[in-house]
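# Summary of the model geometry
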Amino acid sequence: MITKPPITRENLIDGYCKLGVDKGTKIAIAVSGGADSLCLLLLSRFDYKVTAITVDHGLRKEAAEEASFVAALCAEYSIPHVTLRWQGDKPTANLQAAAREARYDLIKNWCVEKGIETVAVAHHQDDQAETVLLRLARGSGVYGLAGMAPVRSIGQGVSLVRPLLEYPKESLIRTVKDMGIKWVEDPSNRSEAYDRVKIRKMLANPPVEGLNAARLAGTAGRLRRSRDALEYYERQWLLAAVHFYDEGYCTVDTKQFKDAPEEIILRALASICRFVSGGTYVPRMEKILRLYSALQEGEFKGQTLYGAMFSPLSEHVALVTREVSAISTPVALESQGIWDLRFWYQAQGNISGLTIAPVGENGWIQLKNIYKDMKEFSSPRLAILAMPALFDGEQLRSVPFLGYDTLKDVSFSFSREGNK
Ligand SMILES: Nc1ncnc2c1ncn2[C@@H]1O[C@H](COP(=O)(O)OP(=O)(O)OP(=O)(O)O)[C@@H](O)[C@H]1O
């Protein structure tokens, strides 16, 4: 039996420190009201400037009560607390994943507003072990089996940290019990409708000796190091082979495919797709392999993957641009927002009636009528087609990246979104 380390204030400080979070830092702690997140909150409050955040997803009738429970507990301990609500229509498919994404988004936006750069969540060793088994069941490789990251960016300069990943749930419960604190039990944690719950039950009675949470989490830790090493070499390859442009496209030197390990190139291609299309997904391996062989054979004119389009630019250079048809239809311009998941913008002045859309063929024709020589733009045509532009109805009014602007009473700025 592997002994379980107790979680104390001191070793939590060590844990935060390993994740690059110094003592005294402002931290937002995501607190559901369960034993794990209460443990994290109550042990962090002495050495960090903590604010507790509870998200009410509006999906269970008890959620509002749970948020009030956390608020009351925080008031008792003089800890600042805020409840954020997930408003608007909820999807019917993949509700759990959508709720998680919405939760991180709400928390991130709140942190950006308050100038907080660190969000802590209370995932623990048992969660990590379950994640590894779930991913094994889906055929993951090194990247997935490395489990949940101890630290990762969630965009706009905000990091998500998981300082409890090495601690078993049992020790967190023990700590909260010792404090004499009650907590909330989420009923979905028991519902056998979820694969995670089935795996949890299996781990409570492992069919093979050694198939326990500590071992599985240990394996995830080792694979995380392997993954870090692969990412290091992927970055080196990207630096040598790819030129990324702020306008949201890139060029790839296909000569650099030679001699590089396939794993590195496949990962790099996935990163390129994410950069160009703004998504956070990892494209399916078979699809990346198909793209890779097309690139090697030089047969990739207009080949698309996850909203990124690959086209030959010259003999050994591939141009990767955002697939215009994958961009949603024009959206009304607001005073600030994120467009196409790729660009963050801010607009001031008389913006009513204006929309944002890609330049597209319509905008291109209008640009051609204005500029006699389109070659004066350094970006290739396919990249220009996907650039953000402002329209008044069908009329092109501004393409900030090209310096084209007819909106005298509107000031406008674009930058790449978050960490991309
Ligand atoms: N409603 C919530 N409000 C604030 N924080 C939450 C909420 N739900 C979960 N969290 C945070 O996320 C941590 C993990 O919770 P949980 O395992 O339920 O979430 P998840 O990441 O969506 O789940 P899964 O483990 O299924 O991926 C909690 O310990 C807590 O820090």
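All residue numbers refer to position in the chain's written sequence, counted from 1. Restriction of local features to residues with pLDDT of at least 70 applies here, the model being predicted, together with a cutoff of 80 or more for giving and counting side-chain atom pairs; totals for whole chains, interfaces and linings are based on all residues.

## Brief notes about the site of the ligand
The environment of the ligand is made up of 16 residues, and the closest members are Ala30, Ser32, Val55, Val121 and Ala122. Strands here mean DSSP runs of E at least two residues long; helices mean DSSP runs of H or I at least four residues long; both are numbered from the N terminus. Considering every element that reaches the shell around the ligand, the biggest residue donor is strand 2 (residues 49-56), with three residues. Broken down by class, the residue content of the shell around the ligand amounts to six nonpolar, five polar and five charged. Using a C-beta atom placed from the backbone for every residue, we mark a residue as near a molecule or strand if that atom lies within 6 Å of it. When residues are grouped by polarity, Ala, Val, Leu, Ile, Met, Phe, Trp, Tyr, Cys and Pro land in nonpolar, Asp, Glu, Lys and Arg in charged, and all others, Gly among them, in polar.

## A look at the UniProt feature "domain: tRNA(Ile)-lysidine/2-thiocytidine synthase N-terminal" (unreviewed entry) in the protein
UniProt positions are given in the numbering used here, feature names are shortened, and annotations may be inferred rather than shown by experiment. According to UniProt, the "domain: tRNA(Ile)-lysidine/2-thiocytidine synthase N-terminal" (unreviewed entry) feature falls on residues 26-201. Within the segment residues 26-201, helix and strand shares are 44% and 15% respectively, and the terminal C-alpha atoms sit 37 Å apart.

## Some thoughts on the UniProt feature "binding site: ATP" (unreviewed entry) in the protein
Mapped onto this numbering, the UniProt entry annotates "binding site: ATP" (unreviewed entry) at Ser32, Gly33, Gly34, Ala35, Asp36 and Ser37. Its place among the elements puts Gly33 in the loop between strand 1 (26-30) and helix 2 (35-44). Beyond its immediate stretch of four places on either side in the chain, Gly33 contacts Leu38, Thr54, Glu66, Phe69, Val70, Trp183 and Val184. Among the secondary structure elements, Ser37 is positioned in helix 2. Under the C-beta neighbour-count criterion, Ser37 is labelled buried, with 26 such atoms within 10 Å. Any residue pair is listed as a contact if its two C-beta atoms, each placed from the backbone, are within 7 Å. Apart from the residues lying within four places of it in its own chain, the contact partners of Ser37 are Ile29, Ala30, Val31, Ser32 and Ala122. With C-beta atoms placed from the backbone, a residue is labelled by how many other C-beta atoms lie within 10 Å of its own: buried for 20 or more, exposed for 12 or fewer, partly exposed between the two.

## What about the domain arrangement of the protein?
The domain boundaries here were taken from an automatic or database domain assignment. Structurally, the protein comprises domain 1 (9-205), domain 2 (225-324) and domain 3 (328-416). With centres defined by C-alpha atoms, the gap from domain 1 to domain 3 works out at 39 Å.

## Digging into the environment of Ala75
If you trace the backbone, Ala75 turns up in helix 3 (residues 63-76). Taking C-alpha positions, Ala75 is 16 Å from Ser32, a pair spaced 43 residues apart along the chain.

## Structural notes on the nonpolar core
Considering soluble globular proteins, one finds that nonpolar side chains tend to be buried as a cluster. Put simply, a nonpolar core is a cluster of buried Ala, Val, Leu, Ile, Met, Phe, Trp, Tyr and Cys residues tied together by C-beta atoms within 7 Å. Counting 51 residues, the largest nonpolar core has Ile29, Cys39 and Val119 as its most contacted members. It is helix 2 that provides the largest number of residues to this core, a total of seven residues. If sequence neighbours within four positions are ignored, Val119 has contacts with Ala28, Ala30, Ile107, Cys111, Ile154, Val158 and Leu160. Listed in part, the 47 residues of the second largest apolar core include Cys273, Trp339, Ala347 and Phe412.

## A short note on the pairing of strand 1
Most of strand 1 is tucked away: four of the five residues are buried. For strand 1 and strand 2, the ladder comprises five bridges, and the chain directions are parallel. Across the sheet, Lys26 pairs through a bridge with Lys49, a residue of strand 2. DSSP calls a pair of strands paired once it identifies at least 2 bridges connecting them. Two elements, strand 1 and strand 4 (residues 118-120), share three bridges in a ladder whose sense is parallel. Note that in strand 4 the partner of Ile27 across the bridge is Thr118.

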